[in-house]
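Each chain is listed here by its residues.
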Amino acid sequence: MLETKRLISPNTIAVSLLLIIFLVLAIAVLGQRNTQQWAYSGLRVYNVIFGYGSNTLNHPSAVAVGLKGEVFVANAGNRKIMVFAENGRYLYSFSGPGTGLAELKNPVAMAVGPNGDLYVSDHDRKEVIVFKSSGEYKYTVSADRPEEFIPNGIIVGEKGRVFVVNEHDRNLYTFSSEDRKLKKLPGGAKKDGFNINGDLCWDPDTGKIYGTDIENKQVVVLQNGEITKSWGQKYLSTPGGIAYDRSRKLVFVSDSVRSRVVVFGADGEYKGEFGSLGEKKHNFNFPEGLAMDQRGKLYVADRGNNRVVIYEFR
């Protein structure tokens, strides 16, 4: 009886080699990024704000919470600030086209001051526009050379002093409601391997300022005007908005392209992440601005889904 041998064809060998190469590359790529990523389950959806009728949200880029709990939403789509109650009820809007000095072009970040004033960074106007909480225009802050100031992230710190990112030179600037004059922070917010060119938040207890470094895919920490550390590189792809939970010592960062929010401890410890691309209430579509209210609720400007999602802790 003749013994037959099974020959392996060249095509089979080629396919097998390709599979091996693919597996090796996949392992290498995953190895560059910490694979110990897990879902953060400490939050649940409290409410979703869409607006309604002629007052629906249109590509919201930033969100802030007022002293009375009102929710300010910057709409990049219609260049308005729309104001809602926490339950989603529409209250009023302002700063739309045709409003003169109050007219916005491209609002990218907002902050609320200790007296309730709203500070809006307008990327295209190259100015910070300040409103009363009612929407009444107050004043504008700009640079002596407008082309050298492109505002982004903004916070109001101790004694009402305002800090704002200047994308033009990747530095941090400050002003107060009294002087209304931009001054570059002495220590700066830029050095080799570090940039703050996105959003800002701060810890009132320690004075630390946290900023998103979009170019280097990380969070940068400043203390007394100096960059002290950075973290999050293994977990962030396109960091956008950032918010700080004072009571729980947590930092939330929106990772816009991945449609997720990543959670860190105040010192950079990875806590988990939540969200994925989609339209359901637990999904995101390019989340950008974040805000945290005094009661510990997290607000996410879900730009691609034209809504703001509010989370509460379980």
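In what follows, the accompanying structure is described. These figures come from a predicted structure and were not determined experimentally. (Residues numbered from 1 in each chain as written. Predicted model: local features only at pLDDT ≥ 70, side-chain atom pairs only at ≥ 80, totals over all residues. Heavy atoms only, no water.)

### As for the overall build of the protein
Working step 1: Summing up its helical and strand segments, the protein has 1 helix and 26 strands in all.
Working step 2: Sequence separation of 24 or more characterises 44% of the internal contacts of the protein that already satisfy a separation of 6 or more.
Working step 3: Entry remark: accessible area of the protein is about 15,500 Å², with carbon and sulfur atoms responsible for 52%. (Helix = DSSP H or I, 4+ residues; strand = E, 2+ residues; numbered from the N terminus. Contact = heavy atoms within 4.5 Å. Areas by Shrake-Rupley, 256 points an atom, 1.4 Å probe, with all protein chains shown as cover.)

### So, the side chain of D169
Working step 1: Counting through the fold element by element, D169 comes out in the loop between β11 (162-166) and β12 (171-175).
Working step 2: Despite being buried, D169 has no salt bridge partner; K184 is the closest side chain of opposite charge, sitting 4.8 Å away.
Working step 3: Within the structure, the side chain of D169 is placed 3.4 Å from the side chain of N166, a separation counted as a polar contact. (Buried < 20%, exposed > 50% of the residue type's maximum accessible area, 1.4 Å probe, protein only. Lys, Arg positive; Asp, Glu negative; His and termini not counted. Salt bridge = Lys/Arg side-chain N within 4 Å of Asp/Glu carboxyl O. Polar contact = N/O pair within 3.5 Å; in protein donor to acceptor, adjacent residues only side chain to side chain.)

### Thoughts on the sheet that holds strand β20 (residues 239-245)
Working step 1: The sheet built from 4 strands is open, its strands ordered β20-β21-β22-β23 with antiparallel pairing. A single partner strand is all that each edge strand has here, and the edge strands are β20 and β23 (270-274). Pairs of neighbouring strands in the sheet enclose a mean axial angle of 20 degrees, with direction left out of account.
Working step 2: Alignment of strand β21 (residues 250-255) against strand β22 (residues 260-265), held across 6 bridges, turns out to be antiparallel. By the bridge assignment, L250 is partnered in β22 with G265. (Pairing = 2+ DSSP bridges. Axes fitted to C-alpha atoms, helices over the stretch in contact; angles between N-to-C directions.)

### A look at the sheet that holds strand β2 (residues 60-65)
Sheets are built from strands paired through backbone hydrogen bonds, the pairs being either parallel or antiparallel.
Working step 1: If you walk across this open sheet you meet the 4 strands as β2-β3-β4-β5, and the pairing is antiparallel. Where the open sheet ends on each side, the last strands, each with one partner, are β2 and β5 (90-94). Across the sheet, the mean angle from the axis of one strand to that of its neighbour is 20 degrees, orientation sign disregarded.
Working step 2: Relative to strand β4 (residues 80-84), strand β3 (residues 71-75) runs antiparallel, the two being bridged by 5 bridges. Residue F72 lies in a different strand from β4, and its bridge partner there is V83.

### Focus on the packing of aromatic side chains
Working step 1: What the rule picks out here adds up to 17 aromatic pairs.
Working step 2: Relative to F131, the ring of F94 has its centre 5.0 Å away and its plane inclined at 55 degrees; by these criteria the two rings are tilted. Within this pair, whereas F94 is found in strand β5, its partner F131 is found in strand β8 (residues 127-131), the two being separated by 37 residues in sequence.
Working step 3: Among the aromatic side chains, those forming a connected cluster through ring pairs are W38, Y210, W231, Y235, Y244, F264 and Y270.
Working step 4: A cation over an aromatic ring shows up here: R180 above the ring of Y139, its NZ or CZ 3.7 Å from the ring centre. (Phe/Tyr/Trp six-rings, centres within 6.5 Å; stacked < 30°, edge-to-face > 60°. Lys NZ or Arg CZ within 6 Å of the ring centre and 35° of its normal.)

### Topic: the pairing of strand β24 (residues 287-292)
Working step 1: For β24, the tally of buried residues reaches 6 of 6 residues, placing the bulk of the element in the interior.
Working step 2: Direction of pairing for β24 relative to strand β25 (residues 298-302): antiparallel, over a ladder of 4 bridges. Each bridged residue has a counterpart across the sheet, and for P287 the counterpart in β25 is D302.
Working step 3: The hairpin formed by β24 and β25 contains 5 residues between the paired strands, and G296 there has a positive phi angle of roughly 90 degrees.

### What about the pattern of salt bridges?
Working step 1: Using the criterion set out here, one finds 22 salt bridges in the structure.
Working step 2: R44 serves as the salt-bridge partner of E312, at 3.1 Å between the closest nitrogen and oxygen. Of this pair, E312 sits in strand β26 (residues 307-313) while R44 sits in strand β1 (residues 43-49), and the two are 268 residues apart along the sequence.
Working step 3: Notably, a salt bridge pairs D205 with K249, separated by 3.0 Å at the nearest N-O pair. Of the two residues, D205 sits in the loop between β16 (200-202) and β17 (209-213) while K249 sits in the loop between β20 and β21, which places them 44 residues apart along the sequence.
Working step 4: The exposure class assigned to K249 is partly exposed, which follows from its relative accessible area of 35%.

### Observations concerning the side chain of D122
Working step 1: Structurally, the position occupied by D122 is in strand β7 (residues 118-122).
Working step 2: One buried charged residue, D122, forms no salt bridge at all, with the nearest opposite charge on R125 at 5.0 Å.
Working step 3: A distance of 2.7 Å separates a polar atom in the side chain of D122 from the backbone nitrogen of K105.
Working step 4: There is a polar contact of 3.1 Å between the side chain of D122 and the backbone nitrogen of D124.
Working step 5: Discounting chain neighbours no more than four positions away, the residues touching D122 are L104, K105, N106, P107, E127, I129 and P151.

### Looking at the pairing of β26
Working step 1: Of all 7 residues making up β26, 7 are buried, and the element is well covered by its neighbours.
Working step 2: Pairing between β1 and β26: 6 bridges, direction antiparallel. In the strand pairing of β26, V48 is matched with V309.
Working step 3: Where β25 lies against β26, 5 bridges are found, and the strand directions are antiparallel. Paired with V300 across the strands is V309, a residue of β26.

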